[in-house]
Amino acid sequence: MNRIICCNNRIFATKAGSNVYRLRIPWRPLSNDAAPLLSSQNAGNPEKESEAKQYDIAIVGGGMVGLALACSLASRPLTRHLNVAIIDSNPALGRKHFIKKEDLPDPRVSTITPATISFFKDIGAWQFVEQHRHAYFDKMQVWDYTGLSYAKYNARDADKEVLGCVVENKVLLSSLLSRVQETDLPKKIYPSRLNSMSILPNSSSSEVDSTLSMTALFTHGRLAKLELEDGNSLYAKLVVGADGGKSRVRELAGFRTTGWNYSQNAIICTVEHDVENHCAWQRFLPSGPLALLPIGDKFSNIVWTMSPKESSEFKSITEDNFLKAVNRALDYGYGPHPTPSILGSSDLFSWLKGGISKSANDCFEIPPKVIKLASERMAFPLSLRHANDYASKRVALIGDAAHTVHPLAGQGVNLGFGDASTLSSVISEGIAVGADIGEVSLLKKYEADRKPANVMMMAVLDGFQKAYSVDFGPLNILRAAAFHGAHHISPLKKSIISYASGETRLPLFA
Amino acid sequence: MASSMFLAQRRWFLSLPRNLSNARFFSALPSEHPVSVSGPQNNVGPESNKFEKASSAPSSLKEPELAKFSAIADTWWDSEGPFKPLHKMNPTRLAFLRSTLCRHFRKDPLSARPFEGLRFIDVGCGGGILSEPLARMGATVTGIDAIEKNIKIARLHANLDPTTSTIEYCCTTAEKLVEEQRKFDAVIALEVIEHVADAAEFCKSLSALTAHEGATVVSTINRSMRSYATAIVAAEYLLQWLPKGTHQWSSFLTPEELTMILKRAGVDVKEMAGFVYNPLTGRWSLSDDISVNFIAYGTKEK
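Every chain is numbered independently, its residues counted from 1 as its sequence is written. Numbering of ligands from 1 and lettering of chains from A proceed in the order in which they are written. Given that the model is predicted, a residue must reach a pLDDT of at least 70 before its local features are reported, and side-chain atom pairs must reach 80 or more before they are shown or counted; all residues, however, enter totals for whole chains, interfaces and linings. Side-chain numbers here rest on the full set of heavy atoms in the structure, without hydrogens or water.

Caption draft 1: Molecular detail of unusual backbone geometry. At arginine 394 of chain A, a residue that is not glycine, the phi angle is positive and equals roughly 65°. Categorising residues by exposure relies on relative accessible area from a 1.4 Å probe, with only protein chains included: less than 20% of the type maximum marks a residue as buried, more than 50% marks it as exposed, and the intermediate range marks it as partly exposed. For arginine 394 of chain A, a relative accessible area of 3% gives the class buried. For arginine 106 of chain B, which is not glycine, the phi dihedral falls at a positive 55°. Relative to the assigned elements, arginine 106 of chain B resides in the loop between helix H4 (84–104) and strand S1 (119–123). A run of DSSP states H or I qualifies as a helix once it reaches four residues; a run of E qualifies as a strand once it reaches two. Both are numbered from the N-terminal end.

Caption draft 2: Structural context of the packing of helix H8 (residues 199–209) of chain B against helix H10 (residues 255–264) of chain B. Residues and elements named next belong to chain B. Comment: axis = line fitted to C-alpha atoms, over the contacting stretch for helices; angle = value between 0 and 180 degrees taken between N-to-C directions. Two elements in contact, H8 and H10, have axes whose closest approach is 8 Å; the angle formed by their N-to-C orientations is 50°. Taken together, the axes of H8 and H10 lie oblique to each other. Along this stretch, H8 crosses H10, giving a crossing that reads as right-handed. Of the residues in H10, those touching H8 at Ala199, Ala200 and Cys203 are Leu258, Ile261 and Leu262. Each residue is assigned to one class: nonpolar for Ala, Val, Leu, Ile, Met, Phe, Trp, Tyr, Cys and Pro, charged for Asp, Glu, Lys and Arg, and polar for all the others, Gly among them. Across the contact of H8 with H10, the residue classes break down as six nonpolar, no polar and no charged. Orientation labels follow simple angle bins: below 35 degrees gives roughly parallel, above 145 gives roughly antiparallel, 65 to 115 gives roughly perpendicular, and whatever is left gives oblique. Crossings are assigned a handedness: left-handed for a near helix turned anticlockwise from the far helix by less than a right angle, right-handed for a clockwise turn. By definition, residues are in contact when any of their heavy atoms lie within 4.5 Å.

Caption draft 3: View of the side chain of serine 174 of chain A. All names here are of chain A. Assignment of secondary structure puts serine 174 in helix H7 (residues 169–182). Taking relative accessible area as the criterion, serine 174 reaches 5% and is therefore assigned buried. Other than its neighbours up to four places away in sequence, serine 174 contacts Phe98, Ile99 and His132.

Caption draft 4: Region of the structure containing the UniProt feature "binding site: S-adenosyl-L-methionine" (unreviewed entry) in chain B. Residue and element names in this part refer to chain B. What UniProt calls "binding site: S-adenosyl-L-methionine" (unreviewed entry) maps, in this numbering, to Arg93, Gly124, Asp145 and Leu190. Within polar-contact distance, the side chain of arginine 93 engages the side chain of asparagine 90 at 3.0 Å. Along the chain, leucine 190 turns up in strand S4 (residues 184–190). We classify leucine 190 as buried; its relative accessible area is 1%. UniProt positions are given in the numbering used here, feature names are shortened, and annotations may be inferred rather than shown by experiment. By the criterion applied in these results, polar contacts are pairs of N or O atoms within 3.5 Å in which, for protein atoms, one can donate a hydrogen and the other can accept it, and in which residues neighboring in sequence qualify only through two side-chain atoms.

Put into structure tokens, the structure is as follows:
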């Protein structure tokens, strides 16, 4: 419902991508009391009834993940006829081309994995992304401030062309919008927000008056009813919550979540270099990782994780001081450059070096200097949140509504695109066998497919976050060992790359 | 044909000979069963008691079967209730129907409603668990069941969705429709034949209902040692899911027997598949293992 939220969450994309961050934006406090209830009184309101329309699917939240679901439905033969309502108050959804090529890069970017790129190609949206600014990268260097270790990943280690592509969220959004507008999918965009949602239990069928009005269908649990803030109401067989980390659908449907806050903030902004950057850089500093991602032309995106106190300080210092701090943090700040000899790595880790990976000889490089700030600096708190269920009768959650992850590694929005792809495929399978698409037994297939994958990625990222947020001697050595392992052992490196690119479902060492 | 489906899936879990010593494990055909086809009795007045009507109509049904299903009819649409295993199996049965019937009728498998314009009959429709998806796939569906209560429930449920409210539900039997000379493009009887008294007569009725160049689909449970063992251990002694005697293992048909009696009735079996249940995922899938549950698709010979 609130696209702003969706999008903003992604802001980070950075490598991260994710969501966790919420902008303080006009999220309007919905009265909790008003909402959950919806109920039967409303149900029978004859005045609204005349305007209410019935849809197969109502997608609440026209952000990247919600629109990707619509595009994916439009691209499958069995689902392209479905009647879809998209509910989002973002005015941009009403326009045809809401971005211009010459606009400065937006600091809200996403790191798209090769798996997501092929999903975009399948649904016909990648051609639109290619018309705008986007930056492939084929190298990634990760190191930490202790100077004990570094790892360099190269696409060719995994026999791939690229490791990923950094795209501004507004480019992704407008590409998906352009695609969905050109398809024949019957759709209608409601520029409003969700106020209430109600789904009644299946009635015992005994006293049915065999009329087929929407009210009757609703009363017997065959349709969900949505009421919007602008007074419109609509009915749908299936409601998809794609409304971000603070999902209203999740709240109204009563899904519980599990999660925690990291007591860390991320600062994001766009910066300019005097040369082009084609590598993704990430350095672990005492208070959190600093990532520098190429976003095309001479621009890069920065996602810098730190304590909330530091973040307010870094947000308010002058541009010059900020740039100096960034350059220092990417160079000699906090500790020396790593050199293999520091640990005597050839001895210490020689037992690990079964197969020397191809890029092991790539030596440590210093990232290009940052010369100018190209956007304002924004700060977001980090958290992790996971819905205990993704589906119930007539409701499914996708994207940040189902899981909000640490931005590390940029998996957030990629997990969301994976959800959209799987959900549309499950709906298609259901239609193939004549199922009611809101049946819980069907929707649970989607949940069974996505939850393990998402939980695994969240656990891996959370583990990384914890491993790197501690400055403690022995742990630093372990980290260094892990880096060396990742750097020198081909199969391991390959599996890390393919997991991070979204191509392997199972964890690293499978 | 009664609420057949339900037994369907459960039958291999559940079915147990009421009395093991009497079970004729390898008896040939079910026609030896105590309840045999009753003679044609027409002219049952429309006002007469429905259940009465059903059971007195010409039929290959076993009366005690009707009473068993009548007792649990209310729970047809509770996907977590007694019919849960059936709900879980349903998509797999429908996947088989979709693929074989699209090929048979040369329909586009990528269409959301491939069966548009075709008349299907669901014999032993129960609460309509199979009829409704078939209607959503475009077919003009007639659902029949010998139990009036099932038909009532099926009709009420189907009326809640405009695409399924077109289903014609009738409390009648296949034999009766044969007398009325009704014909259908596809005749589908899933998990029914093991509940009828005379399987050979029943197959003749199915064949008679099938239009020229139409298709007949029958599914049931094999009479194998595996279906017997599973049923006893899991269903009767451990789980006690069903009242004892829900199924008569001895009246199950093997794939060879089914093929043979269909052949005698004029239906040529073209394809057969097995259903296997994975207890870990709780999902059914199609397989070539026909040792327990299986489904056969045939065409009417010229």
